[in-house]
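Residues per chain, in single letters:
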Amino acid sequence: MASDVERGEEDEESASELLRDRFRLCTISIAEAEAKQIGMEVSQPIMACISDLAFKYAQQLAKDLELFAQHGGRKSVNMEDVILSAHRNDHLSSLLRSFSNDLKAKEPQSERKRKKNTKKEDKAVADVLHIVDP
Amino acid sequence: MEENTFDPDLIRAIFRLVWERRGAEREKNQLSEPEAEAGPSTSKRSRLTSANANALKLSCELLRVFVTEAIQRAATIAEAEGSVKIEATHLERILPQLLLDF
């Protein structure tokens, strides 16, 4: 049984390592794109540092989100939990809030939005026509 | 910029790993003191936390902002020192405030 537990831990370790490597690749591509945009270079050790930091942050975030969801009596994490995790930083939470509104707008009420948009466009066309008329 | 973000599936996998680990720990603690909560004998699977798709996308955005913020702040310091490469000293300078902000 002890060996089973050990093997389980080993598996978990390798799984975690694999995830960390995939995460690092993602981080590097994001960071490199960002650095390119502002015309800077990033040295390799710093890249590794930042991706490790982000990975630790992701793990901490997972813990926070689980606790928030549990506190809300839920088993599933929703967007409010994620926004709540950034509540100490007003800028960050408002950024997340607007991103979440974008996501919400994209999915469930896309039809309604499209209708609204077409209506607006119609109005705009009418306005243009009106201006053109005289 | 929009397309360059984390893969939600990857983030899901990382979150699940953490939640599985915490779930296993909780179970171990419950075994050592069985009188605590013997009622719900649900399996570990069903108790595991999950995340909905939008929450994962939002988490990806949060992590992306963390990375870009780290780069941008370090770049500001590097620029002030007249360097075009971000080095360890630049990261060191911005790290405390970065960690406080996230």
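What you are looking at is a predicted structure, and each value in this text was computed from that prediction instead of being measured.

The rules behind the values
Residues numbered from 1 in each chain as written. Chains lettered and ligands numbered in written order. Predicted model: local features only at pLDDT ≥ 70, side-chain atom pairs only at ≥ 80, totals over all residues. Heavy atoms only, no water. Helix = DSSP H or I, 4+ residues; strand = E, 2+ residues; numbered from the N terminus. pLDDT = per-residue confidence, 0-100. Contact = heavy atoms within 4.5 Å. Buried area = accessible area lost by both parts, 1.4 Å probe. Salt bridge = Lys/Arg side-chain N within 4 Å of Asp/Glu carboxyl O. Polar contact = N/O pair within 3.5 Å; in protein donor to acceptor, adjacent residues only side chain to side chain.

**A look at the environment of Leu84 of chain A**
Looking at the secondary structure, you find Leu84 of chain A in helix α3 (residues 79-84). Distance in space between the C-alpha atoms of Leu84 of chain A and Arg97 of chain A is 9.8 Å, their sequence separation being 13 residues.

**Here we look at the confidence of the model for chain B**
Residue and element names in this part refer to chain B. Per-residue confidence for chain B averages 87 on the pLDDT scale, and 84% of its residues sit at or above 70. Element-level pLDDT for chain B is lowest in helix α2 (residues 44-47), with a mean of 59, against a maximum mean of 96 in helix α3 (residues 53-80). Two summary scores accompany this predicted model of the complex, namely pTM at 0.79 and ipTM at 0.85.

**Looking at the interface of chain B and chain A**
Tallying the contact residues gives 54 residues for chain B and 52 residues for chain A. Between chain B and chain A the total buried area reaches about 5,000 Å² when both faces are included, carbon and sulfur atoms providing 71% of it. Of all residues in chain B, Leu58, Leu62 and Ile71 of chain B give up the largest surface area on contact with chain A, accounting jointly for 13% of the area buried on that side. Inspection of the chain B/chain A interface yields 2 salt bridges. Its salt-bridge partner being Glu66 of chain A, residue Arg26 of chain B comes within 3.7 Å of it at the nearest N-O pair. Between chain B and chain A we count 12 residue pairs in polar contact (both at pLDDT 80 or more) in total.

**Considering the confidence of the model for chain A**
Mean pLDDT for chain A: 83, with 75% of residues reaching 70 or above. Within chain A, the lowest mean pLDDT, 50, falls on helix α5 (residues 110-132) of chain A, and the highest, 96, falls on α3 of chain A.

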